[in-house]
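Notes for the structure review
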Amino acid sequence: MAFRISVLALGAVFHLLIPGNTPAADDIEKAAAVKEEDGKHLDAEGNPTFKFENDGTVDWYTFSGYRRYHSDCHVCHGPDGVGSSYAPALATTMKNLDYPNFLAIVAEGRKSVVGGKEVVMPGFGNNKNVYCYLDDIYVYLRARAVGAAPRGRPPKKADKPEGAKAYEASCMGG
Ligand code: HEC
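Every chain is numbered independently, its residues counted from 1 as its sequence is written. Note on the predicted model: pLDDT of at least 70 is required for a residue's local features to be given, and 80 or more for side-chain atom pairs to be given and counted; whole-chain, interface and lining totals, by contrast, use all residues. Values shown for side chains rest on all heavy atoms present in the structure; no hydrogens or waters enter the calculation.

Description of the nonpolar core
Joining through side-chain atoms within 4.5 Å is the link that ties buried Ala, Val, Leu, Ile, Met, Phe, Trp, Tyr and Cys residues into a set, and such a set is a nonpolar core. Classification of residues uses two cut-offs on accessible area relative to the type maximum, computed with a 1.4 Å probe and protein chains only: under 20% is buried, over 50% is exposed, and between them is partly exposed. Within the largest apolar cluster, 29 residues are counted, with the highest numbers of intra-cluster contacts made by F50, M94, F102 and L141. Secondary structure elements are defined from DSSP: runs of H or I of at least 4 residues count as helices, runs of E of at least 2 residues count as strands, and each element is numbered from the N terminus. For this core, the secondary structure elements donating two or more residues are α2 (60-72), α5 (99-108) and α7 (134-145). Considering every element that reaches this core, the biggest residue donor is α7, with eight residues.

A closer look at the site of the ligand
By nearness alone, 24 residues border the ligand, and C73, C76, H77, S112 and M121 come closest of all. Between the ligand and T93, the relevant distance is 3.0 Å, taken from an oxygen atom to a side-chain nitrogen or oxygen of the residue. Under a 2 Å grid-point criterion requiring more than half of the atoms, the pocket assigned to the ligand is the second largest pocket. The set of elements that each furnish at least two residues to the shell around the ligand consists of α3 (74-77), α4 (90-93), α5, β5 (110-114) and β6 (117-121). To be near a molecule or strand, a residue needs just one of its heavy atoms within 4 Å of it. Any pair of nitrogen or oxygen atoms within 3.5 Å is treated as a polar contact; in protein, a donor-acceptor pairing is required on top of that, and neighbouring residues in sequence qualify only through side-chain atoms on both sides. Cavities and pockets were defined on a 1 Å grid built over protein atoms only: a cavity is a set of grid points that admits a 1.4 Å probe from which the probe cannot escape, a pocket is an open set flanked by protein on both sides within 12 Å along at least five of seven lines, and lining residues are those with an atom within 4 Å of any such point. More than half of a molecule's atoms lying within 2 Å of a cavity's or pocket's grid points is what places that molecule inside it.

Section: the layout of surface pockets
Grid points are joined across faces, edges and corners, and a volume is the space filled by probe spheres set on the points. By volume, the second largest pocket is sized at about 550 Å³. For the second largest pocket, the lining is made up of 26 residues, of which H77, P88, L90, I105 and M121 are closest to its centre. Those elements giving two or more residues to the lining of the second largest pocket turn out to be α3, α4, α5, β5, β6 and α7.

Some words on the pairing of β6
Here the rule is simple: two strands pair whenever DSSP picks up at least two bridges between them. Bridge count for β5 against β6 is five bridges, and the pairing is antiparallel. For R110, the partnering residue across the bridge sits in β6 and is M121. Counting the residues between successive antiparallel strands, the hairpin from β5 to β6 contains two residues, one of them, G115, with a positive phi of roughly 55°.

Here's the deal with the coordination of the iron atom of the ligand
Binding of the iron atom of the ligand to the protein goes through H77 (NE2) and M121 (SD), at separations of 2.0 to 2.1 Å. Note that water is not among the atoms considered, so a metal site may appear incomplete; the donors listed are N, O and S atoms within 2.8 Å of the metal, with 3.2 Å applied to Na, K and Ca. Irregular is the label for any site that misses the other tests, which are tetrahedral for four donors with all angles between 85 and 135 degrees, and square planar for four donors or octahedral for six when opposite donors exceed 155 degrees and the remaining angles lie between 65 and 115. Around the iron atom of the ligand, the six donor atoms sit at angles spanning 88 to 180°, and that spread fits a shape best called octahedral. Residue H77 is found in helix α3, and its partner M121 is found in strand β6; the two are separated by 44 residues along the sequence. With a relative accessible area of 21%, M121 lands in the partly exposed category.

Details of the sheet that holds strand β2 (residues 40-42)
An order of β1-β2-β3 is seen for the three strands of this open sheet, with the pairing classed as antiparallel. Each edge of the open sheet carries a strand with a single partner, namely β1 (35-37) and β3 (48-49). Judged from the two bridges that link them, β2 and β3 form a sheet pairing that is antiparallel. Looking at the pairing, H41 lines up with T49 of β3.

Some remarks on the pattern of salt bridges
Salt bridge, as used here: a side-chain nitrogen of Lys or Arg that lies within 4 Å of a carboxyl oxygen of Asp or Glu. In the structure shown here, the tally under the stated rule is eight salt bridges. Ionic pairing is found between K40 and D135, a salt bridge with its closest N-O pair at 2.8 Å. Of this pair, K40 sits in strand β2 while D135 is found in helix α7, placing the two residues 95 residues apart along the sequence. Relative accessible area serves as the criterion here: at 17%, D135 is assigned to the buried category. Of the charged contacts in the structure, one is a salt bridge between E168 and K160, with a shortest N-O distance of 2.6 Å. Taking relative accessible area as the criterion, K160 reaches 27% and is therefore assigned partly exposed. Within this structure, D26, D43 and R142 form a network of salt bridges that share partners.

Quick notes on the environment of V106
Within the secondary structure layout, V106 lies in helix α5. Residue V106 is classed as buried on the basis of its relative accessible area of 11%. Note on contacts: a residue pair qualifies if any of its non-hydrogen atoms lie within 4.5 Å across the two residues. Once residues lying within four places of it in the same chain are set aside, the contact partners of V106 are M121, P122, G123, F124, G125, V130 and L134.

Comments concerning the packing of α2 against α7
The description of two packed helices rests on the angle between their axes and on the distance between the axes. The axes used here are C-alpha line fits, helices contributing only the stretch in contact, and every angle between their N-to-C directions lies in the interval 0 to 180 degrees. Packing of α2 against α7 leaves a shortest axis separation of 7 Å and a crossing angle of 100°. Between α2 and α7, the angle is such that the two are roughly perpendicular. Here α2 contributes Y61, T62, S64, G65, Y66, R68, Y69 and H70 to the contact with α7, which in turn contributes D136, I137, V139, Y140 and L141. A per-class count over the contact of α2 with α7 returns seven nonpolar, four polar and two charged. With respect to orientation, any angle under 35 degrees is reported as roughly parallel, any angle over 145 as roughly antiparallel, any angle of 65 to 115 as roughly perpendicular, and every other angle as oblique. Classes in brief: Ala, Val, Leu, Ile, Met, Phe, Trp, Tyr, Cys and Pro nonpolar; Asp, Glu, Lys and Arg charged; the others, Gly included, polar.

Put into structure tokens, the structure is as follows:
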């Protein structure tokens, strides 16, 4: 809990130092779930978000995102999104990346030159094991970035919603 409070405090200081800084970084308040559609949680802007119960149970999408992240992303971005010498720490940088940009980068990939070396983020737009679960991965990383999810496997998860089963069947089958 102390960690969560210090993250919030840091966010407040940051806003004071850089007035008018746009777009505002994501934080635990912006990420608050205000609406639920069949086990999928949305924030006030309608973007996917996480919801955790007081007993530590995480929503299905966060848990699924944890698993998908650790099968397709962690080799470069590090366990729990902590980063590596090759790729950025998404558990930090996702604070400054909104949902549409996240979708675009993961679908298309990206390339840059860092310290004279080319680094490549592969595009996953034709990998169903990733693109059928983009919201799951987004929600998991969002929870990490705003300081809601600790490192490691979530201890308890909500049941898989019917909507998630139906979407998975149509996306993976289509
Ligand atoms: C082969 C290594 C590799 C894999 C696998 C990989 N990435 Fe990346 N990713 C990178 C690199 C390198 C960058 C930085 C690219 C740049 O700056 O141009 C990056 C950048 C990103 C960014 C932009 C981050 C920022 O701070 O702007 C996102 C989001 C991202 N990756 C998500 C993912 C997700 C989600 C997965 C798994 C589905 C994934 N990546 C798998 C190497 C990888």
